[in-house]
Amino acid sequence: QVQLVESGGGLVQAGGSLSLSCAVSGRAFSTYDMAWFRQAPGKEREFVAATSWSGGSTSYADSVKGRFTISRDNAKNTVYLQMNSLKPEDTAVYYCAARPRYSSSWYTSSASWGQGTQVTVSS
């Protein structure tokens, strides 16, 4: 497993923007799929966005498509989540996740998770 540290969370007004970063340990970063999940109070953790180990493909939850952008910089061992046009319903703790390439699920012992960073969007 690898270690992940999220940063960039905070308070932002609705319609504003925020950028999250996830620093990943190890030199095998480029062999991992990376993703962002979030969990709001009283709700289950949900998928937000993911980028493949190769960086050749990305995917987004319908709720954030067109507003959020996931990217990675393998030279810096970092994955980013640019969040634009934020809504109050985006308020949640955002988690970074990593899994070895060709993994079938994020919910396996081979996956690693960060500690989370709080994002709060005011009305």
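Quick caveat: nothing in here was measured; it's all calculated off a predicted structure.

Cut-offs applied
- Residues numbered from 1 in each chain as written.
- Predicted model: local features only at pLDDT ≥ 70, side-chain atom pairs only at ≥ 80, totals over all residues.
- Heavy atoms only, no water.
- Disulfide = S-S within 2.5 Å.
- Helix = DSSP H or I, 4+ residues; strand = E, 2+ residues; numbered from the N terminus.
- Buried < 20%, exposed > 50% of the residue type's maximum accessible area, 1.4 Å probe, protein only.
- Pairing = 2+ DSSP bridges.
- Polar contact = N/O pair within 3.5 Å; in protein donor to acceptor, adjacent residues only side chain to side chain.
- Contact = heavy atoms within 4.5 Å.

Q: Talk me through the state of the cysteines; I want residue IDs and the actual numbers.
A: Using the criterion set out here, one finds 1 disulfide in the structure. Through a disulfide, C22 is tied to C96; the S-S separation comes to 2.1 Å. Of note, the bridge from C22 to C96 carries an S-S torsion of about -90° and is left-handed in sense. Of this pair, C22 sits in strand β3 (residues 18-24) while C96 sits in strand β9 (residues 92-100), placing them 74 residues apart in sequence.

Q: Report on the pairing of strand β11 (residues 117-122), specifying residues and quantitative values.
A: Because side chains alternate across β11, one face comprises the buried residues T117, V119 and V121, and the other comprises Q118, T120 and S122, none of which is buried. When strand β2 (residues 10-13) meets β11, the two strands line up parallel, connected through 4 bridges. From the neighbouring strand, V12 faces β11, where its bridge partner is V121. Strand direction decides the pairing type here: β9 and β11, joined by 3 bridges, are antiparallel. Following the sheet pairing, A92 is matched in β11 by V119.

Q: So what about the side chain of R38? Which residues, and what values?
A: Mapped onto the secondary structure, R38 falls in strand β4 (residues 32-39). Here E46 takes part through its side chain, which lies 2.6 Å from a polar atom of the side chain of R38. Look past the residues within four positions of R38 in its chain and what remains in contact with it is E44, R45, E46, V48, S63, V64, F68, E89, D90, A92, V93 and Y94.

Q: Go over the environment of V12, please, and point to the residues and values.
A: Topologically, V12 is positioned in strand β2. Sequence-wise, V12 and K87 are 75 residues apart; in three dimensions their C-alpha atoms are separated by 9.4 Å. In this view, V12 contacts S17, L86, T120, V121 and S122; residues no more than four positions away in its chain are not counted.

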